[in-house]
Amino acid sequence: MAYDRDNIFAKILRGEIPCAKVFEDDHVLAFEDINPQAPHHVLVIPKGEYVSMDDFSAQASDAEIAAVIRALGHIARELGVAEPGYRILSNCGSDGHQEVPHLHFHLFAGRPLGRMIKPPEKA
Ligand code: 5GP
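In this report, the structure presented in the accompanying data block is examined. Every chain's residues receive numbers from 1 upward, in the order its sequence appears when written. The predicted origin of the model limits local features to residues at a pLDDT of at least 70 and limits the giving and counting of side-chain atom pairs to 80 or more, whereas totals for whole chains, interfaces and linings rest on all residues. Side-chain numbers here rest on the full set of heavy atoms in the structure, without hydrogens or water.

Regarding the side chain of His102
Assignment of secondary structure puts His102 in the loop between β4 (86-89) and β5 (105-109). Only heavy atoms enter the contact rule, under which two residues are in contact if any of them lie within 4.5 Å. Dropping the residues within four chain positions of it, His102 is found in contact with Tyr3, Asn7, Phe9, Leu13, Ile45, Pro46, Lys47, Gly48, Tyr50 and Val51. Numbered from the N terminus, helices here are DSSP runs of H or I no shorter than four residues, and strands are runs of E no shorter than two.

Printed below as a string of structure tokens:
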């Protein structure tokens, strides 16, 4: 899928839409989700134009990939949730229910988060 420069996170990166910034470095921006699903719900995004994990994992530089992973750990420590823990999630594509077509990692924390995904309904 081609990158859409009008997606909401591209606008946040350009400063056209405000965000509650949590962290920023050369390769990464992190900000609070507008509709939090947990006491802490942070979105961590690469600054580069990557739609999803598919092209990020294939096209991004080692420095960009390392920056995202380091940012996730750093933010969790800064939030004070390394213990008792947290969840990192990235929805990719339509089956993954990705709504914003700019790669993002959700970091959820601040309460017990339950199972990873809902088990399938029994027939
Ligand atoms: P997805 O379903 O693509 O994994 O998640 C997109 C996330 O972006 C959702 O959790 C949604 O609440 C968040 N979001 C959508 N629009 C905005 C916005 O304008 N600002 C912020 N901070 N978050 C947004």
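Back to the text.
Digging into the sheet that holds strand β1 (residues 21-24)
With respect to topology, 5 strands assemble into an open sheet ordered β1-β2-β3-β5-β4, the strand pairing being antiparallel. Strands with a single pairing partner mark the edges of an open sheet, and in this sheet they are β1 and β4. On average, each strand axis in the sheet is tilted by 20° relative to the strand beside it, whichever way the strands run. Here helix α3 (residues 62-79) sits on the sheet and contacts β1, β2 (28-32), β3 (40-46), β4 and β5; the angle it forms with β3, its principal contact strand, is near 160°. Pairing between strands requires that DSSP locate at least two bridges from one strand to the other. All axes are obtained by fitting lines to C-alpha atoms, using only the stretch in contact for helices, and the reported angles, taken between N-to-C directions, cover 0 to 180 degrees.

Regarding the packing of aromatic side chains
Two aromatic rings, taken as a pair, are described by how far apart their centres are and by the angle between their planes. Stacked, edge-to-face and tilted labels apply to pairs of Phe, Tyr and Trp rings (six-membered ring for Trp) whose centres lie within 6.5 Å, assigned for plane angles under 30 degrees, over 60, and everything in between, in that order. Taken as a whole and judged by the stated rule, the model has 2 aromatic pairs. Relative to Phe31, the ring of Phe9 has its centre 5.4 Å away and its plane inclined at 75°; by these criteria the two rings are edge-to-face. In this pair, Phe9 is assigned in helix α1 (residues 8-13) and Phe31 in strand β2, connecting sequence segments 22 residues apart. Comparing Phe9 with Phe31 shows no difference in burial state: the two are buried. The cut-offs for exposure are 20% and 50% of the maximum accessible area for each residue type, with area from a 1.4 Å probe on protein chains only; residues under the lower value are buried, those over the upper are exposed, and the others partly exposed.

Structural notes on the site of the ligand
Here a residue is near a molecule or strand as soon as one of its heavy atoms is found within 4 Å of it. Contacts to the ligand come from 16 residues, most closely from Asp33, Asn91, Glu99, His104 and His106. In protein, a polar contact means a hydrogen-donor-capable atom and an acceptor-capable atom, both N or O and within 3.5 Å, with residues adjacent in sequence counting only if both atoms are side-chain atoms; elsewhere, any N or O pair within 3.5 Å suffices. The separation between an oxygen atom of the ligand and a polar side-chain atom of Asn91 is 2.8 Å. A distance of 3.3 Å is found between an oxygen atom of the ligand and a backbone nitrogen or oxygen belonging to His97. Expressed as a share of its isolated accessible area of 520 Å², the protein-covered part of the ligand is 84%. Of all elements in the fold, only α1 and β2 reach the threshold of two or more residues within the shell around the ligand. With 3 residues, α1 is the single largest residue contributor to the shell around the ligand. For every accessible area listed, the method is Shrake-Rupley and the probe measures 1.4 Å; residues are considered covered only by the protein chains on display.

Some remarks on the side chain of His104
With respect to the helices and strands, the residue His104 is situated in the loop between β4 and β5. Among all residues touching His104, those that are not within four sequence positions of it are Phe9, Leu43, Val44, Ile45, Leu89, Ser90 and Gln98.

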